[in-house]
Structure formats: structure tokens, C-alpha cells
Amino acid sequence: MLALDDRRRARLKDSMHPAIPAATLILLRDRPGQPPEIPMVGRGAHLKFAANRMVFPGGRVDDDDRITAQRAELLTDGPEIEADDLAHRIAAIRETVEEIGLAPGIEGIGDVAQLSAVRAALHAGETLSSILARMGLRIDPHGLHPFARWRPDHELSRRFDTRFYIARAPDLGEAMADGIECSHCEWATAQEHIEAGGLIFPTLRNLERLRQIEHYEHAVAFVQRYPIVTVTPWSEDHEGHRWLHIPENLGYPVTRQRLDAVDRDSDPTRPSRGRVPG
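Heads up: these notes are all about the structure in this document. (Residues numbered from 1 in each chain as written. Predicted model: local features only at pLDDT ≥ 70, side-chain atom pairs only at ≥ 80, totals over all residues. Heavy atoms only, no water.)

**Details of the overall build of the chain**
Move 1: Assigned secondary structure in the chain consists of eight helices and 13 strands.
Move 2: When each of the 278 residues of the chain is scored for burial, the buried share is 54%.
Move 3: Contacts in the chain between residues far apart in sequence, at least 24 positions, make up 68% of those at least 6 positions apart. (Helix = DSSP H or I, 4+ residues; strand = E, 2+ residues; numbered from the N terminus. Buried < 20%, exposed > 50% of the residue type's maximum accessible area, 1.4 Å probe, protein only. Contact = heavy atoms within 4.5 Å.)

Written out as C-alpha cells, the structure is:
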């Protein structure tokens, strides 16, 4: 017999609106005896989704991500990864290069100058597959580990079906916002990001989950304890209030929030937790 959350997910799946495939990457930078730091970016006020909010680097999966996933010569050897998952991992890597200038999962970048050249080429419109072939680089998707999958279905300016991945922060390069989609980039612990605010509901819930992580290897072990189940929040009435809920068995310490306190989408008039660009 299906559990309540399973039955609810089955009903939601049958009735959900179309969503845009997307991927996001959570980088963890270990520190001795302290929680890892995570880079987050401030979304620009001009954007239609999550304007003036802090998010993890990421974006939609494009056609070239799927093309790259099919080109074995552009990939390192390793255990086989399902094609759609692989395309999402490639999108997460590409978006991280574009948005903050770090290149986890790209093998062969020799120095900061080459890293900058990869980012500049992406910003100029060259496809990732073309850049990899031209520079003799390859994607190593095995350092990315599935962390979560969220597909909200309430009224939003954009609906995304987003896969979250974790990876170790690379040593090469310095995280800097692109100044286009992202106004600034900040490294902080999960707790510090939560306290600073400017977070939509999925980001806040995932930071609360990350707050339990002690270091990168602990994160890898943590995610292996839970299946990757698509999270679609739903609302219910309790104690005279409307609450937004998520499933209780996926490692999230907080699984509901009053709807009138939830930041679910963009409001460009609300300032982000602004800092100077960088």
C-alpha cells in the first residue's frame, strides 16, 4: 500500500503543469573544524524568476548540454550515468562556469587564464561542446552527486523541474558573479545564508538540509541515505492557517511553513541581501 506522501505525489504528477528542466550546483568548501562554505549568487532585479533572491548557481538545461552528454570523446571514463541525469550534470557545470567563474567537473583546465577563456567563450555564445573540443578539455560528471529534485507547481512566473547536485569546490579560480544574471556572489555557511535571508522556499529548505552537513565527504554519505524523490510542495490548512508542506522522509529538518511567511517567487521591488559585486 502506498504511503500518504507517495499517493499525493502520484496525484500531483498526473495534474502538474509543464516545467522547464533545470540544474543547480551546490559547491562545498571544507574548513578544518568548521562547517563548509557554500557560494550563492544574488539574482538580478531584471529577471523574471527569483529576482533579487539568493540562489545556488544554475539554470535551464539547453540543447547543447544534451549533445555534449552524447559525445563520449568529451567525457571522462567512469560508471555509466543515465542520459538525462548526465545532461543535467553538464548543465550544472556549465551554468556554474558562466555565473561564478568556477569549473568543477571540467578536466584539463591548466590555469586561471584558460578558465577565464572558457567563461568568456560561453558568455560570447560559443557552445560548451565546441569549447571542450577546441581546447582539448573533457567533462568529468562523476564528481557531482545528486542531492535533491524540486518541481514546484503553484503559480509562478516560471515553473522549473530542478535537479540539485553537490560537488567539492575546486581550488582553481576565484568565484565572481557575472554581473549579468547575477549581481554578486557570497561564500558563507548554510546557517549564515539562512540568517542573511533573501531566500525562496526551495532554497531555504535545502539550506536547512545542508546545515546538517559537517564536510564534503559527510555530504556525499548523507545524500546516499535518501532516494532522489521529486519534491512538489502542497498546501493544507492547520490551526487556522494555510501551510506549505514537503515530504517528511527525505532528510529535511523543516517540512512545513506558514504560507503567508513563504517567499515563493520574484518581487523585484524587494531588495536582496546586497553586497558589492563579486
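**Focus on the side chain of H88**
Move 1: Tracing the backbone shows H88 in helix 3 (residues 83-100).
Move 2: The residues contacting H88, other than those within four sequence positions of it, are P21, A22, A23, V61, R66, R163 and Y165.

**Comments concerning the packing of helix 3 against helix 4 (residues 112-123)**
Move 1: The N-to-C vectors of helix 3 and helix 4 enclose an angle of 95°; their axes lie 9 Å apart at closest approach. With respect to their mutual orientation, helix 3 and helix 4 come out roughly perpendicular. Within the contact between the two elements, helix 3 uses R94, V97, E98, E99 and I100 and helix 4 uses V118, R119, L122 and H123. (Axes fitted to C-alpha atoms, helices over the stretch in contact; angles between N-to-C directions. Parallel < 35°, antiparallel > 145°, perpendicular 65-115°, else oblique.)

**Observations concerning the layout of surface pockets**
Move 1: Quantified by volume, the second largest pocket comes out at close to 280 Å³.
Move 2: Taken together, 15 residues form the lining of the second largest pocket, with A103, P104, G105, I106 and P170 sitting closest to its centre.
Move 3: Only strand 5 (106-107) and strand 8 (160-168) provide two or more residues apiece to the lining of the second largest pocket.
Move 4: Across the lining of the second largest pocket, the residue classes tally to nine nonpolar, three polar and three charged. (1 Å grid on protein atoms, 1.4 Å probe; cavity = no way out; pocket = protein on both sides within 12 Å on 5 of 7 lines; lining within 4 Å. Points joined across faces, edges and corners; volume = space filled by probe spheres on them. Nonpolar A, V, L, I, M, F, W, Y, C, P; charged D, E, K, R; others polar.)

**Thoughts on unusual backbone geometry**
Move 1: Unlike most non-glycine residues, E239 shows phi in positive territory, near 50°.
Move 2: For E239, the location among the structural elements is in the loop between strand 11 (234-238) and strand 12 (241-245).
Move 3: What makes E239 exposed here is its relative accessible area of 66%.

**Topic: the sheet that holds strand 11**
Move 1: A sheet is described by the order of its strands in space; here three strands give the open sequence 11-12-13, paired in antiparallel fashion. Edge positions in the sheet fall to strand 11 and strand 13 (256-258), since each of these pairs with one other strand and no more. Each strand axis lies, on average, 35° off the axis of its neighbour in the sheet, ignoring direction.
Move 2: Here three bridges tie strand 12 to strand 13, and the two strands are oriented antiparallel to one another. (Pairing = 2+ DSSP bridges.)

**What about the pattern of salt bridges?**
Move 1: Scanning the entire structure with this criterion turns up 19 salt bridges.
Move 2: Of the charged contacts in the structure, one is a salt bridge between D84 and R66, with a shortest N-O distance of 2.6 Å. Taken as a pair, D84 in helix 3 and R66 in helix 2 (residues 63-69) lie far apart in primary sequence, 18 residues in all.
Move 3: The class for D84 is partly exposed, based on a relative accessible area of 24%.
Move 4: According to the relative accessible area criterion, R66 is partly exposed, its value standing at 31%.
Move 5: The salt bridge partner of R242 is D237, with a shortest N-O separation of 3.1 Å.
Move 6: It is possible to trace a salt-bridge network through shared partners that takes in D62, D65, R94, E95 and E98. (Salt bridge = Lys/Arg side-chain N within 4 Å of Asp/Glu carboxyl O.)

Honestly, it's all geometry; don't read function into it.
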